[in-house]
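Now for the letters of each chain:
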Amino acid sequence: TMRIGIASGTHCSQILAAVLRRTQLDAEIISAEDSHREYDIVLAVNDEPVPPGNDVRRYITHRTPGVFEWTVVAARHLLPIAVERGVATPIAVPMPVEPPNSDPPPRSGVLVLQSESQHQVTAKLRSAGIEVFLQDDCQVGIIVDAAASTSRVEPLRQAMAKEKVVTALSTNAAATDTIRHDTNGYLVNDLDEIVSSVQQIVEDESERSRLGFEARKSVASANWSRVVRALLLEGRAGMPQLETFSH
């Protein structure tokens, strides 16, 4: 039986459950100090610490982890970075997000995610008479990601799972990997377009409803079983693979 260690971290229980659904695998959650036990493969997310001397395979969800084992990535824009890190055939599998338990009606409150333009956009929205909240809560139905180059996929997908409408810049690779413009969110060209698109969504409840429904639908197919299958794949060869994304 193959022994799998799973690094302790945010998603370890979901990964453990996905591994245990596969037959012939013995798996447990481990800490970086568990060096006395032998594992055939150790699975980790981003730069979670692992015991030395194992075949380590990582699921990378954003650009910054300083590790080399970029085995499977959470979005297309991370594939070239994985190749730069020396992974011959990285695979992209979309980031799974937990759906909420209830179906709240779409709301019109706005939250601006952290980025270099966060304060500027917040000021522009407020001067246009739009209420901007300082933290995500049940009043918030619209999420603005004003990052110019690349933000993180996970907060966008978490918002979409809750039927929140995400508006982001078309220069943001994490957003263009996640959002289809005018189908499950908005991709716009500059900060002024962010303000006008948010104004439109605030005022049009049926549009907010439509985009939120499509957003939730587009992230619903991702699951940890697909991530685990990609991490455990043997004999990689050829071009980087792209798992079927939800769009």
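Residues numbered from 1 in each chain as written. Predicted model: local features only at pLDDT ≥ 70, side-chain atom pairs only at ≥ 80, totals over all residues. Heavy atoms only, no water.

**A short note on the sheet that holds strand 8 (residues 132-133)**
Rules: DSSP bridges decide pairing: two strands pair if at least two such bridges lie between them. Helix and strand assignments follow DSSP, with helices taken as H or I runs no shorter than four residues and strands as E runs no shorter than two, numbered in order from the N terminus. The contact criterion used is simple: two residues touch if any of their non-hydrogen atoms lie within 4.5 Å. Comment: axis = line fitted to C-alpha atoms, over the contacting stretch for helices; angle = value between 0 and 180 degrees taken between N-to-C directions.
Pairing within the open sheet is parallel, and its 5 strands lie in the order 8-7-9-10-11. Looking along the sheet, the strands with just one partner apiece sit at the ends: strand 8 and strand 11 (186-188). Relative to strand 9 (residues 140-145), strand 7 (residues 109-112) is paired through 4 bridges, and the arrangement is parallel. In the strand pairing of strand 9, Gly109 is matched with Val140. The strands that helix 6 (residues 191-203) touches are strand 7, strand 9, strand 10 (165-169) and strand 11; relative to strand 10, the one it contacts most, it runs at about 165 degrees.

**Let's talk about the packing of aromatic side chains**
Quick note on the threshold: Ring geometry is summarised as follows: Phe, Tyr and Trp rings, the Trp one being its six-membered ring, pair when their centres sit within 6.5 Å, and such pairs are stacked at plane angles under 30 degrees, edge-to-face over 60 and tilted between the two. Partly exposed describes any residue whose relative accessible area lies between the buried limit of under 20% and the exposed limit of over 50%, with all areas from a 1.4 Å probe on protein chains only and scaled to the type maximum.
This model, assessed by the stated rule, comprises 1 aromatic pair. Judged by centre distance (5.7 Å) and plane angle (80 degrees), the ring pair of Tyr59 and Trp224 falls under edge-to-face. Within this pair, whereas Tyr59 is found in strand 4 (residues 56-60), its partner Trp224 is found in helix 8 (residues 224-231), the two being separated by 165 residues in sequence. Here Tyr59 falls in the buried class, since its relative accessible area comes to 0%.

**Here we look at unusual backbone geometry**
A positive phi angle, near 65 degrees, is found at Glu163, a position not held by glycine. Along the polypeptide, Glu163 turns up in the loop between helix 4 (153-161) and strand 10. Located in the positive-phi region is Asp182, a residue other than glycine, with phi close to 65 degrees. On the secondary structure map, Asp182 appears in the loop between helix 5 (173-178) and strand 11. Classification of Asp182 by relative accessible area gives partly exposed; the value is 37%.

**A closer look at the pairing of strand 2 (residues 25-30)**
Here is the rule: We call a crossover right-handed when, viewed with the strands running away from us, the connection from the first strand over the helix to the second turns clockwise.
Two strands pair when backbone bridges link them, and strand 1 (residues 2-7) and strand 2 are joined in this way by 6 bridges, in the parallel orientation. Directly across from Met2, in strand 2, lies its bridge partner Leu25. For the crossover that starts at strand 1, traverses helix 1 (residues 12-20) and ends in the parallel strand 2, the hand is right-handed.

**As for the side chain of His11**
Note on placement: His11 falls in the loop between strand 1 and helix 1. Under the relative-accessibility criterion, His11 is labelled buried at 10%. Sequence-distant contacts of His11, that is, excluding residues within four places in its chain, are made with Val45, Met95, Glu154 and Trp224.

**A closer look at helix 3 (residues 118-127)**
An α-helical turn contains 3.6 residues, so a residue and the one three or four places further along point in the same direction. To keep things clear, this is the line we draw: Each direction from the helix axis to a C-beta atom contributes to the arc, which is the arc of those directions.
Taken as a whole, helix 3 has its buried residues at Gln118, Val121, Thr122 and Leu125. Across the axial projection of helix 3, the buried residues extend over an arc of 100 degrees, all falling on one side. Opposite the buried face of helix 3, by more than 90 degrees, sit the exposed residues His119 and Ser127. Next to the buried residues of helix 3 lie strand 7, strand 8, strand 9 and helix 6. Once helix 3 finishes, Gly129 follows within two positions and takes phi at roughly 85 degrees, a positive value.

Everything listed is a geometric property; what it means functionally is a separate question.
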